[in-house]
Amino acid sequence: MSHIHIPDGVIAPAWLVLGYAVTALALALAVRQTGREDLRKKLPRLGLVSAFMLLAMSVPLGLLPVHLNLTVLAGILLGPWLGLVAVFIVNFILALTGHGGITVAGLNTLVVGSEAVMGYYFFFALRRRLRPATAAAVATALALVFSLALMFATLGLTHIDPALVFYEDHHEEQVIEAGGLDIAAAGHESHHEGAGISLARLARIALPISLAGIIVEAAVTAMITGYLLKVRPGLIDGPAPPAAAE
């Protein structure tokens, strides 16, 4: 939902290098941290969760020009570190199929990966006060709002034409109908004349659509989390609760 659907050759190389450098550092830290966990249990789960995420991110939500990410669910099931690894794997595979440029995969991992990391911590903090399904829904909503803000911040910092977010994207036709804009044409023009749409106008188009997508993702994550806690509660093994005071 917060993917930066931008083709290669648009963002300045310095930002692309920075994105991959920070992602590489985060992945190295993730590997180091997960080395202490039970990898025998986590690695098969990593493959299954990554496959579900890849499927979810490849299929639009019917009338909504967005897709599920299932990143918060990945964070809940895998933990924040392996959740980030799963996001990188899925983002890189999607980039190879044209779902955003390959050079943008580093930035996308940071933006989308924030959902897995933040969602994990939000969920287990809220779980102490709310029912698990409710905690999962609220955690998902908060994490997706954070990643959406991070995506807009990235677009602003890189000074690219916001129209290119939808350039050559498989949701493009739906976004054009929803926003009443010929974003594809604006994207083509921006290659030659710098013409396009402002970041503020993109926000006015994207935010209502994203809000609907966030509601759907929060509901799906809540249902799956609630179901797993009933049939396989051992799959969700978060941080240990604080020790009681003596």
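Everything numeric here is computed off the predicted structure, so don't read it as measured data.

Q: Give a detailed account of the overall build of the protein, specifying residues and quantitative values.
A: Helices and strands together make up the secondary structure of the protein, namely nine helices and two strands. Along the protein, helices and strands appear, N-terminal first, in the series α-α-β-β-α-α-α-α-α-α-α. Relative to its full complement of 246 residues, the protein shows a buried share of 48%. Summarising the internal contacts of the protein: among those between residues at least 6 apart in sequence, 80% fall at separations of at least 24. Entry remark: accessible area of the protein is about 11900 Å², with carbon and sulfur atoms responsible for 68%.

Q: Tell me about the confidence of the model for the protein, and name the residues and values.
A: Taken over all residues, the pLDDT of the protein has a mean of 81, while the share at 70 or more is 79%. Here residues 240-246 scores under 50 on pLDDT; set against residues more than four positions off or in separate chains, the count is one contact.

Q: Tell me about the layout of surface pockets, and please be specific about residues and values.
A: Put simply, the largest pocket is a space of about 300 Å³. Of all the elements in the fold, those that place two or more residues in the lining of the largest pocket are α2 (39-58), α3 (71-78) and α9 (199-231). When residues in the lining of the largest pocket are grouped by element, the largest group, seven residues, is from α2. Looking at the second largest pocket, the residues that line it are W15, L18, G19, V22, L107, L110, V111, L150, A153, T154, L157 and T158. Taken together, the elements giving at least two residues each to the lining of the second largest pocket come down to α1 (13-34), α5 (105-126) and α6 (132-158). Sort the elements by how many residues they give to the lining of the second largest pocket and α6 lands first, with five residues. Of the residues in the lining of the second largest pocket, the class split is nine nonpolar, three polar and no charged.

Q: If you had to explain the nonpolar core to someone new, which residues and values would you point to?
A: Residues M53, L77, L78, F123 and I236 are the most contacted members of the largest nonpolar core, which totals 37 residues. Those elements giving two or more residues to this core turn out to be α1, α2, α3, α4 (80-96), α5, α6 and α9. If sequence neighbours within four positions are ignored, I236 has contacts with I76, L77, F123, F124, R127, T225, L228 and L229. If you look at the next biggest cluster of nonpolar residues, it comprises 15 residues, including L155, L202, A203 and A206.

What counts and how
Residues numbered from 1 in each chain as written. Predicted model: local features only at pLDDT ≥ 70, side-chain atom pairs only at ≥ 80, totals over all residues. Heavy atoms only, no water. Helix = DSSP H or I, 4+ residues; strand = E, 2+ residues; numbered from the N terminus. Buried < 20%, exposed > 50% of the residue type's maximum accessible area, 1.4 Å probe, protein only. Contact = heavy atoms within 4.5 Å. Areas by Shrake-Rupley, 256 points an atom, 1.4 Å probe, with all protein chains shown as cover. pLDDT = per-residue confidence, 0-100. 1 Å grid on protein atoms, 1.4 Å probe; cavity = no way out; pocket = protein on both sides within 12 Å on 5 of 7 lines; lining within 4 Å. Points joined across faces, edges and corners; volume = space filled by probe spheres on them. Nonpolar A, V, L, I, M, F, W, Y, C, P; charged D, E, K, R; others polar. Core = buried A, V, L, I, M, F, W, Y, C linked by side-chain atoms within 4.5 Å.

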